[in-house]
Protein chains: 2
Amino acid sequence: MFYRCRCPAHSQAYSHTYNRGKIFQCCRSLVVKFAVLADINQDLQNMGARNVCLMTDRTLSQLPPVGVVLDSLTKHGVKYKIYEDVRVEPTDKSFKAAIDFAKQGHFDVYVAVGGGSVIDTCKAANLYASHPEAEFLDFVNAPIGKGKPITATLKPLIAVPTTAGTGSETTGVAIFDFENLKAKTGIANRALKPTLGMVDPLHTLHMPSRVAANSGFDVLCHALESFTALPYNLRSPCPSNPINRPAYQGSNPISDVWARHALKIVAKYLKRAVRDAGDVEARSSMHLASVFAGIGFGNAGVHLCHGMSYPIAGNVKTHRAKGYNVEHPIVPHGLSVVLTSPAVFAFTANMCPERHLEAAQILGTDVSSIKKDDAGRVLADTLRSFLYDLEVEDGLSSVGYTKEDIPSLVKGTIPQERVTKLSPRAHTEEDLTALFAASMKLY
Amino acid sequence: MFYRCRCPAHSQAYSHTYNRGKIFQCCRSLVVKFAVLADINQDLQNMGARNVCLMTDRTLSQLPPVGVVLDSLTKHGVKYKIYEDVRVEPTDKSFKAAIDFAKQGHFDVYVAVGGGSVIDTCKAANLYASHPEAEFLDFVNAPIGKGKPITATLKPLIAVPTTAGTGSETTGVAIFDFENLKAKTGIANRALKPTLGMVDPLHTLHMPSRVAANSGFDVLCHALESFTALPYNLRSPCPSNPINRPAYQGSNPISDVWARHALKIVAKYLKRAVRDAGDVEARSSMHLASVFAGIGFGNAGVHLCHGMSYPIAGNVKTHRAKGYNVEHPIVPHGLSVVLTSPAVFAFTANMCPERHLEAAQILGTDVSSIKKDDAGRVLADTLRSFLYDLEVEDGLSSVGYTKEDIPSLVKGTIPQERVTKLSPRAHTEEDLTALFAASMKLY
């Protein structure tokens, strides 16, 4: 991950104000604002780019980050094609459309400007264009797909995140909605990791309040889940060869550092970032937290909140999410993840109560006189209060689910073994049923 | 960086005791102890190794980590050659001898088992064997060398650190003593970064107490210097192309995380690790701290303590260091670094007093009522007290230097611009003279 601040004007402004706690505050005019991204041409030249694929979505294609990249490409005469049909919350069908575009384009460098949907779609397009003989299911996670190893060298991919949640710029994971199964799954392999992330917090200032909230919840759960995930040395079976290790290794001393650090930033800045789009310090901090949590969970993994979120998003009926400019019903990823978090951490706490208490403490609860046996309840209460303050929908019932839906939500969770097996506590279908039931209402 | 714990016996033992704060305590018998390293053959196979260069030094060549690697290579019929003539505190001459060995061997993978001297020597051997046409000075840091860019792809290098200080397994730096100049310099380029680090704390249990202390001081100063280094966005000149960025970027939000974290471990465990070689938890923690500080300073850089340490080590006259099995006079690297630290941080404090106070606090001083103006004095006093407790030699005078040596020590510091320019406070030759003078006695 590199932090860009080469333009003299931007650099001076940044450094000058950074020391005073007002990051970027004097460089908010558009010309300077995207000066850093305007340099992308140099990175492309260094990568030997002659034919660039720029991926984004229809909303972002009208916004400055994409415009600046296009200007840079045009100004320097770099040949490119733009693909702006990325679907927010992508599906196998939308992945395949992007893959076809990539295969026909014979691109030598990819640039993804957007949130997790855009970056994930671009990873998949790069992968299958580099493996033209492969069937779509070849690389999709088992048991849904075949989980084959990736043998080709992918083309360089520059990821420019414009939300503060996914961490996709740091990970080797691409998630999509498998429409036939009504559940999300993905492709997970280190080979998918972007070559370069251009992390400029100014790109997140355009986010509507609810997008800031939901992507922030993704950061929150990346941190909480990777911090409480099964420790790496308890994962089994151990592969006989290190090359067969999964992308998600279990919690470990390095991911713990990132999880704790990201959680502290969420505790300090998420509410401010949601409530005031002009709070540049808060939005900047959350953008960094997204990267940090990404480095952590990208190595440690996530578990039940994410595993259960995929059918919550995949089975959506009619829910329309505020702040999202899409034509289809949607439960935004971060929202689908966070709605089960109180129930999940109440369930997992007895496996590592110290970590659950530490998380509650970081999120602002005084845990000095709390017994270990109460760790789950205390973290769950802390999360409910945090979500209430941020006006989060009151549980699964408020995004369109009833008790009758629980069997299909459980059914959609079963194939998410790639992540759910990292839960510190083993669980049955009955446990999942109880967790969904307990998440119907939060307050 | 990967943490190895694949062997079922080792994995179980590790996990079982880890939760009880006694890391590894039930797997200290040799067979299990090096089970992880014994798997190195698989990594070598995955890298396509057919002709391996194993580098180490004469002391380590008699110790278990090297024996286990040799057994693994022999057992699996991998062709290899061993080079055990690495000099502790290497010189241009010793680098060149290793380079000649590498050039003649036409190796396809390198394995370095040892401390920073071994890993750095192996990096240099790999570099020049991959660039057979290059002159030795071509890649040496300017202004001493030419600092040319590295264009060839180096062979894979597996680093197995056996001390807890250097962090060399994480960095793109190789340091040596340029005998003509009586000063250390080095080669710094991301291309030198090892492909894989095998970080097994059990490898550090053999370290004599003074080696544990001195390598721990290296960790301490890596953390303190990278934490207080010039911020990345104040570094100048900004290169016009990102490919020309130096390896050392200045302090930044990511290196700060590692510096703080490593410093906390040093504060908690260094004294225990020095005083009791059998304190596996402390030695294990310091080994991880070495990695963490390495990731931090490997990106942010170090400054005056390291810049001034090179002539302190290079001008050594007759000093013999306890615990080091070498035939030549030596001021061990970590010791040469830490002896100036009280003076250095008293000098730099006014540029970022908050960070100096935070460091003093992490090291155990109550700073709640300390004024910013006193930050330098307080951190210096904290360091002196810390060093006194660890029975560190009383300043430069106790390793053989007098006031008459100061001009040559200053002269040897001037060419270390690569690191000294990262000092948060600009400095003159007079300042350096005063810093050396203030470091003659510590207590």
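Conventions we followed
Residues numbered from 1 in each chain as written. Chains lettered and ligands numbered in written order. Predicted model: local features only at pLDDT ≥ 70, side-chain atom pairs only at ≥ 80, totals over all residues. Heavy atoms only, no water. UniProt positions renumbered as here; feature names shortened; annotations may be inferred. Buried < 20%, exposed > 50% of the residue type's maximum accessible area, 1.4 Å probe, protein only. Helix = DSSP H or I, 4+ residues; strand = E, 2+ residues; numbered from the N terminus. Pairing = 2+ DSSP bridges. Core = buried A, V, L, I, M, F, W, Y, C linked by side-chain atoms within 4.5 Å. Contact = heavy atoms within 4.5 Å. Salt bridge = Lys/Arg side-chain N within 4 Å of Asp/Glu carboxyl O. Lys, Arg positive; Asp, Glu negative; His and termini not counted. Expected span 1.5 Å × (residues − 1). Axes fitted to C-alpha atoms, helices over the stretch in contact; angles between N-to-C directions.

An unreviewed UniProt entry lists chain A under the name Hydroxyacid-oxoacid transhydrogenase, mitochondrial, with Sinocyclocheilus rhinocerous given as the organism. Its UniProt record gives chain A the following Sequence similarities (unreviewed entry) comment, quoted word for word: "Belongs to the iron-containing alcohol dehydrogenase family. Hydroxyacid-oxoacid transhydrogenase subfamily." In its Subcellular location (unreviewed entry) section, the UniProt record describing chain A reads: "Mitochondrion".

Further remarks concern the pairing of strand β6 (residues 183-188) of chain B. Moving residue by residue along a regular strand, the side chains alternate between the two faces of the sheet. Residues and elements named next belong to chain B. Among the six residues in β6, five count as buried, and that is most of the element. Here six bridges tie strand β5 (residues 173-178) to β6, and the two strands are oriented antiparallel to one another. When the sheet's bridge partners are listed, Val 173 is paired in β6 with Ala 188. Count of turn residues in the β5/β6 antiparallel hairpin: four residues, of which Lys 182 carries a positive phi of about 50°.

Counting 145 residues, the largest nonpolar core has Phe 217 and Leu 220 of chain A together with Phe 217 and Leu 220 of chain B as the members making the most contacts within it. For Leu 220 of chain B, the contacting residues outside a window of four places in its chain are Leu 263, Val 266, Val 338, Leu 363, Leu 383 and Phe 386 of chain B.

This brings us to the pattern of salt bridges. One pass over the structure, following the stated rule, counts 30 salt bridges over all chains. Residue Asp 256 of chain B is joined to Arg 355 of chain B by a salt bridge in which the shortest nitrogen-to-oxygen separation is 2.7 Å. Of the two residues, Asp 256 of chain B sits in helix α9 (residues 253-275) while Arg 355 of chain B sits in helix α14 (residues 353-362), which places them 99 residues apart along the sequence. Given a relative accessible area of 6%, Asp 256 of chain B falls into the buried group. A salt bridge links Arg 272 of chain B to Glu 281 of chain B, with the shortest nitrogen-to-oxygen separation between them at 3.5 Å. For Glu 281 of chain B, a relative accessible area of 22% translates into the label partly exposed. Shared partners join several salt bridges into a network, and the residues in it are Arg 58, Glu 84 and Asp 85 of chain A.

Before going further, it helps to examine the UniProt feature "domain: Fe-containing alcohol dehydrogenase-like C-terminal" (unreviewed entry) in chain A. As recorded in UniProt, the feature "domain: Fe-containing alcohol dehydrogenase-like C-terminal" (unreviewed entry) lies at residues 250-440 of chain A. Annotation note: span residues 250-440 of chain A, helix share 61%, strand share 0%, distance between end C-alpha atoms 29 Å.

The topology assignment puts Asp 92 of chain B in helix α6 (residues 92-105). Lys 96 of chain B is the oppositely charged side chain nearest to the buried, salt-bridge-free Asp 92 of chain B, at an N-O distance of 4.4 Å.

Over its 20 residues, helix α8 (residues 209-228) of chain B extends 29 Å from the first C-alpha to the last, a length consistent with the 28 Å expected when each residue adds 1.5 Å. Burial analysis of α8 of chain B places 19 of its 20 residues in the buried class, the great majority of the element.

Another aspect to go through is the sheet that holds strand β1 (residues 51-55) of chain A. Residue and element names in this part refer to chain A. Taking strand neighbours across the sheet as the criterion, the five strands line up as β2-β1-β3-β4-β7 in an open arrangement whose pairing is parallel. Every other strand in the sheet has two partners, leaving β2 (79-83) and β7 (196-197) as the edge strands with one partner each. On top of the sheet, helix α6 (residues 92-105) reaches β1, β2 and β3 (109-114); it is set at about 165° to β2, its chief contact. The strands that helix α7 (residues 116-130) touches are β1, β3 and β4 (157-161); relative to β3, the one it contacts most, it runs at about 165°.

Our focus in this paragraph is the sheet that holds strand β7 (residues 196-197) of chain B. All names here are of chain B. The parallel open sheet is built from five strands, whose spatial order is β2-β1-β3-β4-β7. Edge strands, defined here as strands with exactly one partner in the open sheet, are β2 (80-83) and β7. As judged from the four bridges shared by strand β1 (residues 52-55) and strand β3 (residues 109-114), these two strands associate in the parallel manner. From the neighbouring strand, Val 52 faces β3, where its bridge partner is Val 109. With respect to the sheet, helix α5 (residues 64-75) is in contact with β1, β2 and β3, its orientation differing from that of β2 by roughly 165°. The strands touched by α6 are β1, β2 and β3; relative to β2, the strand with the most contacts, the crossing angle is about 170°.

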